[in-house]
Amino acid sequence: MNLKTERTHPTHGQRRMGRRTNSPARGPRLAKRFQPLRSGEKPLQIIPLGGQEEVGRNMTIYEYSGDIVILDIGLQFPEENMPGIDYIIPDIRSLKGREKDIRGVILTHGHLDHIGAATHILPRLGWPTVYGSRLTLAIVRKRLEEAKLLHLFKSQEITSIDTKLRLGKITVSFFHVTHSIMDALGVIIQTPLGNVIHMGDWRYDHDPANGKLTDFSELARWNTPKIPSLLMMESLGSTKPGHQASTRQIIENLRKIVESAKGRLIIATFSSMVERVGQLIDIAEKLGKKVALDGYSMKANMEIAKKIGYVKFNPHTVIDISQIDDYPENKIVILCTGAQGEDRGVLMRIATGEHRKLKVRTNDTIIFSSSVIPGNERTIQTLKDKLYRLGAQVLHQEIMDVHASGHALIEDIKLLLRQIKPKYLMPVYANHYLLREGAKVAESDGFTKENIFVLDNGNILEWTKAGPRISSQKIPIEYVYVDGLGVGDISHVVLRDRQMMAGDGMIVVIATVDTKQGKLVHNPDLISRGFIYMKENKKLIEETRRRVKKIFSENLTTDLDENYYKDKIRNDIGQFLYQKTQRRPMVLPVIIKV
């Protein structure tokens, strides 16, 4: 794979706005191409472009003998210090010029952190064929349809786990995985050097509501003395003890709540949990209650699931949110999105009183049937506080089992390793500290430390006949921001300016200059946004004006050097305002010549 030597934006664990160094003493070096291996030897290269330092942006490259297979193309939601950013997508510059070598894109399941970048990535890769389960592909098609790109989409549905794909010299097989969305798949990447077992996102269900107990023992056959296996194990729950709760118990708890509710029920969950939403509709229908769905993504996903036959219910059971007051309070169940505390999410609009159709009443019961995505703890706590203040009864995981996460816990990880018995292990799809904790769990259960590989985004796991090792080379990875219609056009400089404005605000200095006489026409105008309230800081405003006038009283000629005066206003006024307020607003000089 051809590599480019480029500067990179820092990722998690590094200073946000600094530059990453790549000296040999501190980490892998960036190079234009890999060093050649021994004559005739072809390595298997595993290269994560995302998902190794964060929750989201999942995308992994597998290359063997010139053939490339890609696993997942997800997005990452922005962090608190990324104002205005919609989401972040993987950096695929390293694939430029290699589009013809891409044999296919495999999608493990339909969550946005695994498929959400499809509308941006697939066109840049030349529209390779995408392989996935029915629900996964249906969700991708919906996103592509909204982006007016569906006519270019090439896909093949995986209708059976017995399906085998021959993608160049790489063979791909599948197995069922239990997760918080239907149709989740695990993937086996087969090469003559080794078999890679990738769990996608996974969990055990020790007491399923439907189907069999989760058992991955059959996967142990992929580890042989001649061709060993590497387990790529999603590790989001690697710090939480015990086993994950059973689906049967969660559904039974929710059924009891729906049955005994004396007022309206507002249940917030992930829009992708179509099975859970379908189960709740079924419970409500049997109890003679009406269900209102609220949230664009939830309604869209349920429409998709219904269309492909994954959920079935009486159409008269589901009503529009505008009809909820037409029925007794104890006959209404509202299923909505926004359990992660999103600013414009349905549940936040309910909590702030901004929802057009729904105001919280003291007789209401509000349920968070969802887990906390790492990084959302503060916003979810704020949301809970608002709902508690409104007087409703609020139920969540800290009070009773109303949700089982789609991610395995410590004892599940140990059981997985005992069942699959891989020779090598690579923790994936989580923050770096969780990958390290996943490795510790494996070591505590007897796994050989030297056979565990923890990679960062852009690291290369190079697998030869001698076994896998982390290459000394590294692919440069940057944040690629999506902001409105812009993709990748927001640089770290723009983001820094947004952070400054969000932190200390801005002040605009407008100076009108008579270029014929070489003097200011009148007092400079000042506009403050997010810095100070001008009516309450008249003394500071007047003193700032005097300082601007003084700048223009020095050496002002008819031949006005506009850039000189703009720089001087920025520097002098910025320093003055910091001395007076201990804040650093962005100073924007505007010079009008008349």
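The following refers to the structure shown. (Residues numbered from 1 in each chain as written. Predicted model: local features only at pLDDT ≥ 70, side-chain atom pairs only at ≥ 80, totals over all residues. Heavy atoms only, no water.)

### Side note on the packing of aromatic side chains
Selection criterion: Pairing of aromatic side chains requires ring centres within 6.5 Å, counting the rings of Phe and Tyr and the six-membered ring of Trp. Pairs whose planes differ by under 30 degrees are stacked, by over 60 edge-to-face, and all others tilted. Remark: exposure states derive from per-residue accessible area (1.4 Å probe, protein chains only) relative to the maximum for the residue type, with buried under 20%, exposed over 50%, and partly exposed in between. Each helix is a run of H or I in the DSSP string that is no shorter than four residues. Each strand is a run of E no shorter than two, and both are numbered from the N terminus.
Considering all chains together, one arrives at nine aromatic pairs under this definition. The interplanar angle of 75° and the centroid separation of 5.7 Å between the aromatic rings of W202 and Y204 together place this pair among those described as edge-to-face. For the pair formed by W202 and Y204, the shared burial category is buried. Ring geometry for Y424 against F453: centres 6.2 Å apart, planes inclined by 50°, an arrangement best described as tilted. One end of the pair, Y424, is in strand β19 (residues 424-428); the other, F453, is in the loop between α10 (432-444) and β20 (459-464), and 29 residues separate them in sequence. Residue Y424 shares its accessibility class with F453, and that shared class is buried. An aromatic cluster is built from F175, W202, Y204 and F216, whose rings are joined through pairwise contacts.

### Here we look at the pairing of strand β2 (residues 59-64)
Consecutive side chains of a regular strand alternate in pointing toward one face of the sheet and then the other. Condition: Two strands pair under a simple rule: DSSP has to find at least two bridges between them.
Counting buried residues along β2, six of its six residues qualify, which places the element largely inside the surrounding structure. Neither face of β2 is left uncovered, since the one carrying M59, I61 and E63 and the one carrying T60, Y62 and Y64 both have all their residues buried. In the sheet, strand β1 (residues 44-50) pairs with β2 via six bridges, with the strands oriented antiparallel. The residue bridging I47 from the neighbouring strand is I61, located in β2. Bridge count between β2 and strand β3 (residues 67-71): five bridges; the pairing is antiparallel. When the bridges of β3 are listed, Y64 appears paired with D67. Between β2 and β3, which follow one another and run antiparallel, lie two residues, and S65 among them has a positive phi close to 55°.

### Observations concerning unusual backbone geometry
Its identity as a non-glycine residue notwithstanding, D72 has a phi of 70°, on the positive side. Overall, D72 belongs to the buried group, its relative accessible area being 0%. In this structure, D183 takes a positive phi of about 65° despite not being glycine.

### Some details on the nonpolar core
Going by this rule: Here the nonpolar core consists of buried residues drawn from Ala, Val, Leu, Ile, Met, Phe, Trp, Tyr and Cys, with membership extended through side-chain atoms lying within 4.5 Å. When checking whether two residues touch, look at their non-hydrogen atoms; a contact exists if any pair is within 4.5 Å.
Core analysis: the biggest nonpolar cluster contains 64 residues, and I70, I73, M302 and L335 have the highest contact counts within it. In this structure, L335 is in contact with I267, V277, L280, I281, V291, A292, L293, D294 and M298, ignoring residues within four places of it in sequence. Within the second largest apolar cluster, 30 residues are counted, among which are A184, I197, L219 and I413.

### Considering the side chain of T317
Let me state the cut-off plainly: We define a polar contact as two N or O atoms separated by no more than 3.5 Å, with the added condition that, inside protein, one atom must be a possible hydrogen donor and the other a possible acceptor, whereas residues neighbouring each other in sequence contribute only through side-chain atom pairs.
Tracing the backbone shows T317 in the loop between α6 (296-307) and β15 (318-319). In this structure T317 comes out as buried when scored by relative accessible area, which is 6%. Polar contacts involving the side chain of T317 include one to the side chain of E285, which spans 2.8 Å. Sequence-distant contacts of T317, defined by excluding residues within four places in its chain, comprise I281, E285, K289, K290 and V291.

### A short note on α6
This is how the line gets drawn: Expected span, for any helix, means 1.5 Å times one less than how many residues it has.
Compared with an ideal rise of 1.5 Å per residue, which puts 12 residues at 16 Å, α6 spans 16 Å between its outermost C-alpha atoms and is within 8% of the ideal. When we look at burial in α6, the residues that qualify are M298, A300, N301, M302, I304 and A305. At the C-terminal side of α6, G309 shows a positive phi close to 85°.

### Here we look at the environment of R344
Tracing the sequence through the fold places R344 in the loop between β16 (332-336) and α7 (346-351). Classification of R344 as exposed rests on a relative accessible area of 55%. Note: C-alpha distance between R344 and E354 (10 residues apart in sequence) is 9.5 Å. Ignoring anything within four residues of it in the chain, the contact list for R344 reads R349 and E354.

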